[in-house]
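What follows is the residue order along each chain.
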Amino acid sequence: MSLDFRTLWWEDDALQMLDQTLLPQEEQTLVCRTKEDVWEAIKRLSVRGAPAIGVAAAYGVVVGALQAKTSGAVLTREMVEEICDYLASSRPTAVNLFWALDRMRKIASESHDILNDLLAEAKTIHQQDQDICRRIGEHGQTLLSNGQTVITHCNAGALATSGQGTALSVIYAAAAAGKEIAVYTDETRPLLQGSRLSAWELQRCGVHATVICDNMAATVLRDKDIAMVITGADRVAANGDAANKIGTYGLAILAHEHGVPFYVAAPISTLDMSLEHGGLIPIEERDPKEIYEGMGRVTAPEGVDVFNPAFDVTPAKYIKGIITEHGIAAPPYVESLARLASMSPAP
Ligand code: MRU
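Please read these numbers as outputs of a predicted model, since none were measured by experiment.

A. Layout of the sheet that holds strand β5 (residues 182-186). If you walk across this open sheet you meet the seven strands as β6-β5-β4-β7-β10-β13-β14, and the pairing is mixed. Each having just a single partner strand, β6 (208-212) and β14 (327-329) make up the two edges of the open sheet. The average undirected angle you get between the axes of adjacent strands in this sheet is 25°. Pairing between β5 and β6: five bridges, direction parallel. Considered in β6, the bridge of T185 is made with V211.

Structure below.
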């Protein structure tokens, strides 16, 4: 499976990325040369999706370290800690952000050549993410047969990682194994990651994609012979409860009601074994404007209250399996995830 676009890369001493806020209309590169550039790119969703946020943050630390050096400072571990704290404040839910920053903190605390070692670690995280995505796809595609149709929500594809995705990696790996799989992609209000991003990359990769509004999923599950629902995750608690883009929880309940299996695809780095259950996962709330002015015009009366949580938590009881790079975890997740988490996240 080879992609003809890149989500993010390191070039010319800067983090470069495809600016996802402009898709699908424009393909523009955003160049981040300061830690503030990287923080804002994560916050505004120019780069988004849990694994991609982790990789971007790792390079963000390098960018911050270079910035400090250019200003004449001698790079210290304390400075790297400060850069990491700063980047950690960009978004709260995807645990990959904190996981990647912890790896960078550790390198800085052990290194005698901080800048070079930070860059090497960021490149390793980047490379490992690509391998992990491929392996998630290989495990997940065994669940699919030729001619089947799936539903996905948000974007857990190549655009959400630095490789070929998590949920969509399963589709790409199935396609590479000669299976023709069709995908219904929820539009994913309010920021339309399903229609703007998943449909864009599926089409680009030759997979048949059909966009539906989020409120059409029940009808599709009832009428369209759906083999499975498959989504990504931003953080999975020790008991298997999984935070993902707002709307995932409702989709899981609908799948359950229609007897359609619901799978989550996520790397080990998305597991947060320190949290006993999903109620402890911090859920980001975003600018109300994304709801009342998200479509290029005002769509709600001025002054109305708006609630805009970016994620929800799907209880483990609705999840048939969690597809990781080390295999597919099955319930009871307290046991299966503990086993997987004890394996190295690196391939
Ligand atoms: O707000 P976003 O676009 O960063 O949300 C992304 C998701 O919810 C993805 O499904 C999740 O991060 C998994 S990406 C492989």
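B. A look at the site of the ligand. Around the ligand, the surrounding shell holds 17 residues, and the nearest of these are R48, A50, R91, N244 and K245. Interatomic distance of 2.6 Å between a side-chain N/O atom of N244 and an oxygen atom of the ligand. Surface burial for the ligand is 99%, taken as the share of its 420 Å² of free accessible area covered by protein chains. Each residue belonging to the shell around the ligand can be placed in one class, and the counts come to seven nonpolar, six polar and four charged.

C. Representation of the packing of helix α2 (residues 50-70) against helix α4 (residues 95-110) in the model. Following both chains from N to C, one finds α2 and α4 inclined at 30°, their axes separated by 7 Å at the closest point. Crossing hand, α2 versus α4: right-handed. Contacts between α2 and α4 involve A50, P51, I53, G54, A57, A58, V61 and V62 from the first element and N96, L97, A100, L101 and M104 from the second. For the contact of α2 with α4, the per-class residue count stands at 11 nonpolar, two polar and no charged.

D. Geometry of the pattern of salt bridges. Across all of its chains, the model carries 16 salt bridges by this definition. Measuring nitrogen to oxygen at the nearest pair gives 3.0 Å for the salt bridge that ties R33 to D12. A residue pair is termed long-range when its members are at least 10 positions apart, and R33 in the loop between β3 (29-32) and α1 (35-43) and D12 in the loop between β1 (8-11) and β2 (14-18) qualify at 21 residues. A residue is classified by how much of its surface remains accessible, and R33, at 42% relative accessible area, is partly exposed. With its nearest N and O atoms 3.3 Å apart, the salt bridge here joins E36 to K35. Taken together, the shared-partner salt bridges connect E81, D85, D102 and R105 into one network.

The rules behind these values
- Residues numbered from 1 in each chain as written.
- Predicted model: local features only at pLDDT ≥ 70, side-chain atom pairs only at ≥ 80, totals over all residues.
- Heavy atoms only, no water.
- Pairing = 2+ DSSP bridges.
- Helix = DSSP H or I, 4+ residues; strand = E, 2+ residues; numbered from the N terminus.
- Axes fitted to C-alpha atoms, helices over the stretch in contact; angles between N-to-C directions.
- Near = heavy atom within 4 Å.
- Polar contact = N/O pair within 3.5 Å; in protein donor to acceptor, adjacent residues only side chain to side chain.
- Areas by Shrake-Rupley, 256 points an atom, 1.4 Å probe, with all protein chains shown as cover.
- Nonpolar A, V, L, I, M, F, W, Y, C, P; charged D, E, K, R; others polar.
- Left-handed = near helix turned anticlockwise from the far one by under 90°.
- Contact = heavy atoms within 4.5 Å.
- Salt bridge = Lys/Arg side-chain N within 4 Å of Asp/Glu carboxyl O.
- Buried < 20%, exposed > 50% of the residue type's maximum accessible area, 1.4 Å probe, protein only.

Functional significance is not addressed by these values, which are geometric in nature.
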